[in-house]
Each structure stands twice: as C-alpha cells, then as structure tokens.
Amino acid sequence: MKKICRVLIPVILASTGLSFTANATEPTLPNPNFFYMTEYTEILESTVTNLNKYKCKNGFDPSSKKTEIFARCTKSNMEIYLHGNADQALSYASFTAKNATAYPNLEFHSGWCVGKATNADPDVMYSSIDWIKANYKGLSKGKTVSKVFAGLRVSITGGSGATRTISCGVKPS
C-alpha cells in the first residue's frame, strides 16, 4: 500500500500541475480595439465585396481547456488563421496566399497585422506596409524574414511555388 501511495500521489500532483499550465494563453496582440475575433470573422464572411466571402470555422482549442479560441477562414486561394483568448482578444494571426492571384488579398489582410502594431501611428503604419510589400514576393520555400514594429513581430514565410504567409503575434503552442 505504501508503494502504491508513493507512486500514485506524485502522479496525481504532477497531472494536476500540468492541467494548470494547459490553461495558459499567449499574450494578447497590441491595440486590442482594432477588431476582436468575432468582428474580424464577420468581416471575412461578409458578402459586401468579392475580396471577402470566406468560409470560417470557429472553435475552442481542445488543448487549452476552453481558454483559447481559433478561427480558420478559407477560400480557394487564401487561408486565414486567428487564435485568441476566450474573451475574444487575439494573440496570433496568419494570412496565407496559396498562389500569386491571391497576393492583393495578402497585402490587404496583412494590413491587419499593421493595424495591430501601429496604434494609429502613421509612420509605423507606412513603414510596416512598405516592408511587407518589399519582402513577401521574393522569399523562397522555407525562408522567413521578421521585423518588429511598435513591439509586434511580423513575419513573412515563403512556401512552395507562390505560397506566402504573413503572421503576427505569438504562434500558439
């Protein structure tokens, strides 16, 4: 009985401790009033312009025990992934163009990362937009370039062919 207790109690304590760490969330992106999760997915699903009309799937991240949410929005040549806290505050966003015809959409949506970083500072906004436009087309597969704007890290990753991904925030674990 003592051997069972010596093994069982540490296992219970360890598993209890691990469940608390599973509830941790990544830091919220700056400028939280520049779209919450539901607002942004509503914009993506709207039919106001042909630029949008995404199909979005929302849900809780199962590994976070309902403390983190995600939205994956897709259309034929674009994919957007958003990750946030249960209170709708965003912690990560990525925008992937699957081919060159989606590059205008990629530039448009990457402005969202810029909006999160700038906090209405036009100098930061223009420099980040210029940096994104100057760097995303020339990346080869597997190459990543990053730059920090007003404390927010923005990364561009090259994929196979014309696939490009622009992301900002802390990638969910």
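As a reminder, the structure under discussion sits directly above these lines.
Residues numbered from 1 in each chain as written. Predicted model: local features only at pLDDT ≥ 70, side-chain atom pairs only at ≥ 80, totals over all residues. Heavy atoms only, no water.

Student: Would you explain the environment of Tyr103 in this entry?
Tutor: Counting through the fold element by element, Tyr103 comes out in helix α3 (residues 103–118). Residue Tyr103 is classed as buried on the basis of its relative accessible area of 10%. C-alpha of Tyr103 to C-alpha of Arg164: the two residues are 61 residues apart in sequence and 8.5 Å apart in space. Every residue in contact with Tyr103, bar those within four places of it in the chain, is listed here: Ala97, Tyr136, Lys137, Ala162 and Arg164. (Helix = DSSP H or I, 4+ residues; strand = E, 2+ residues; numbered from the N terminus. Buried < 20%, exposed > 50% of the residue type's maximum accessible area, 1.4 Å probe, protein only. Contact = heavy atoms within 4.5 Å.)

Student: Any chance you could explain the state of the cysteines here in plain terms?
Tutor: Working definition of a disulfide: a covalent bond connecting the sulfur atoms of two cysteines. One pass over the full model with this rule turns up two disulfides. The side chain of Cys56 participates in a disulfide bridge whose partner is Cys73; the two sulfur atoms lie 2.1 Å from each other. Every disulfide takes its handedness from the sign of the S-S torsion; for Cys56 and Cys73 that torsion is 110°, giving right-handed. Pair noted here: Cys56 is in strand β1 (residues 55–60) and Cys73 is in strand β2 (residues 68–75), with a separation of 17 residues, a long-range link. For Cys56, a relative accessible area of 17% translates into the label buried. Looking at Cys73, the relative accessible area reads 0%, which means it is buried. (Disulfide = S-S within 2.5 Å.)

Student: Mind showing me how you'd approach the pairing of strand β6 (residues 152–158) here?
Tutor: Looking along a regular strand, one sees side chains alternate from face to face of the sheet. Where burial is concerned, most of β6 is hidden: five out of the seven residues are buried. For strand β5 (residues 144–149) and β6, the ladder comprises six bridges, and the chain directions are antiparallel. Considered in β6, the bridge of Lys147 is made with Val154. What sits between the antiparallel neighbours β5 and β6 is a turn of two residues, in which Ala150 has the positive phi angle 50°. Relative to strand β7 (residues 164–169), β6 runs antiparallel, the two sharing five bridges. Each bridged residue has a counterpart across the sheet, and for Val154 the counterpart in β7 is Cys168. (Pairing = 2+ DSSP bridges.)

Student: Could you clarify how one ought to interpret the pairing of strand β4 (residues 90–97) in this entry?
Tutor: Burial of β4 is extensive: eight of the eight residues sit out of reach of the surface. Connecting strand β3 (residues 78–85) to the next strand, β4, in antiparallel fashion are four residues, including Gln88 with a positive phi near 75°. Where β4 and β7 come together, six bridges link them in antiparallel fashion. Following the sheet pairing, Thr96 is matched in β7 by Thr165.

Student: Sorry, what's going on with the environment of Leu29 here?
Tutor: Structurally, Leu29 can be placed in the loop between α1 (2–22) and α2 (37–45). Put simply, Leu29 and Cys168 are 139 residues apart on the chain and 8.4 Å apart in space, counted from C-alpha to C-alpha. Each residue touching Leu29, except ones within four places of it in the same chain, is listed here: Leu90, Ser91, Tyr92, Trp112, Lys116, Leu152, Cys168 and Gly169.

Student: How do you make sense of the nonpolar core when you look at a structure like this?
Tutor: Nonpolar side chains tend to gather and get buried jointly when the protein is soluble and globular. Counting 33 residues, the largest nonpolar core has Leu82, Phe95, Leu106, Trp112 and Val154 as its most contacted members. At the level of secondary structure, the elements contributing two or more residues to this core comprise α2, β2, β3, β4, α3, α4 (122–135), β6 and β7. Tallying contributions element by element places α3 first for this core, with five residues. Sequence-distant contacts of Leu82, that is, excluding residues within four places in its chain, are made with Met37, Tyr40, Thr41, Ile69, Phe70, Ala71, Leu90, Tyr92 and Ala93. (Core = buried A, V, L, I, M, F, W, Y, C linked by side-chain atoms within 4.5 Å.)

Student: Even after reading the chapter, I still don't get the sheet that holds β7, so can you show me in this structure?
Tutor: Either a parallel or an antiparallel arrangement is found when strands of a sheet pair, and the pairing is made through backbone hydrogen bonds. Strands sit in the order β1-β2-β3-β4-β7-β6-β5 across an open sheet of seven strands; the sheet is antiparallel. Of all strands in the sheet, those bounded by a partner on one side alone are β1 and β5. Looking at each pair of strands side by side, their axes are set apart by 15° on average, direction ignored. As paired elements, β3 and β4 share seven bridges and run antiparallel to each other. Each bridged residue has a counterpart across the sheet, and for Met78 the counterpart in β4 is Ala97. In the packing of α4 onto the sheet, the strands contacted are β5, β6 and β7, and the crossing angle to β5 comes to about 175°. (Axes fitted to C-alpha atoms, helices over the stretch in contact; angles between N-to-C directions.)

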